[in-house]
Amino acid sequence: MNRLQSFRLRGCLPPSSQRLLMPLVLSILMTLVVSAISTYKTLRADAAFLDHWPPAWALSWVVAFPTLLLVLPLVRRIVGFLVRSA
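Given the structure is predicted, the values throughout are model-derived calculations rather than measurements.

Cut-offs and rules
Residues numbered from 1 in each chain as written. Predicted model: local features only at pLDDT ≥ 70, side-chain atom pairs only at ≥ 80, totals over all residues. Heavy atoms only, no water. Phe/Tyr/Trp six-rings, centres within 6.5 Å; stacked < 30°, edge-to-face > 60°. Helix = DSSP H or I, 4+ residues; strand = E, 2+ residues; numbered from the N terminus. Buried < 20%, exposed > 50% of the residue type's maximum accessible area, 1.4 Å probe, protein only. Expected span 1.5 Å × (residues − 1). Bend = angle between axes of the 7 residues up to and from the residue. Contact = heavy atoms within 4.5 Å.

Draft legend 1. Inspection of the packing of aromatic side chains at higher detail. Summed over all chains, the structure comprises two aromatic pairs. Taking 5.6 Å as the distance between ring centres and 20° as the angle between the ring planes, the aromatic pair formed by Phe-49 and Trp-53 counts as stacked. Linking Phe-49 with Trp-53, this pair stays in helix 3 (residues 48–82), spanning four residues, or about one helical turn. Summarising the aromatic geometry, the rings of Trp-61 and Phe-65 are spaced 5.4 Å apart at their centres and angled 10° between planes, so their arrangement reads as stacked. Of the two residues, Trp-61 and Phe-65 both sit in helix 3, four residues apart, roughly one turn of that helix. The class of Trp-61 is partly exposed, set by a relative accessible area of 23%. Its relative accessible area of 14% is what places Phe-65 among the buried residues.

In structure tokens form, the structure reads like this:
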């Protein structure tokens, strides 16, 4: 049994939670990466990086998560229009 299979929270949420959980996880990961890159580009790898990056990430996530919730239906329609049905 691997670590993910033995993790106690696995499968504890109902399928309906996927509508909120998907943009939540996506916004956390995307803003984490983008804010790290932009902070690194500005400050390089000095001691100030770790002082500035977490607040930059938090601000970007606060903007990104609600934005994802608002634009996701539009994005789904655009993708549905572009993708040929099976």
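Draft legend 2. Quick peek at helix 3. Along its 35 residues, helix 3 runs just 44 Å from first to last C-alpha, ending more than 12% under the 51 Å computed at 1.5 Å per residue. When the local axis directions of helix 3 are compared, the greatest deviation, roughly 45°, occurs at Val-71, which is followed within four positions by the proline Pro-73. The secondary structure elements touched by the buried residues of helix 3 are helix 2 (18–43).

Draft legend 3. Geometry of the environment of Asp-51. The topology assignment puts Asp-51 in helix 3. With 14 residues separating them along the chain, Asp-51 and Phe-65 place their C-alpha atoms 23 Å apart.

Draft legend 4. Up close: the environment of Leu-69. For Leu-69, the position within the fold is in helix 3. Along the chain, Leu-69 and Arg-19 lie 50 residues apart, while their C-alpha atoms are 9.1 Å from each other. Among residues more than four places away in sequence, those in contact with Leu-69 are Leu-20 and Pro-23.

Draft legend 5. Expanded view of helix 2. Counted at 1.5 Å a residue, the expected span for helix 2 with its 26 residues is 38 Å, and the 37 Å between its end C-alpha atoms agrees. If you check which residues of helix 2 are buried, you get Pro-23, Ser-27, Thr-31, Ser-35, Ala-36 and Thr-39. As for helix 2, its buried residues are in contact with helix 3. One or two positions beyond helix 2, positive phi appears at Arg-44, with a value near 60°.

Draft legend 6. Main features of the environment of Val-25. Within the element layout of this structure, Val-25 appears in helix 2. Sequence separation of Val-25 and Ala-45 is 20 residues, and the distance between their C-alpha atoms is 26 Å.

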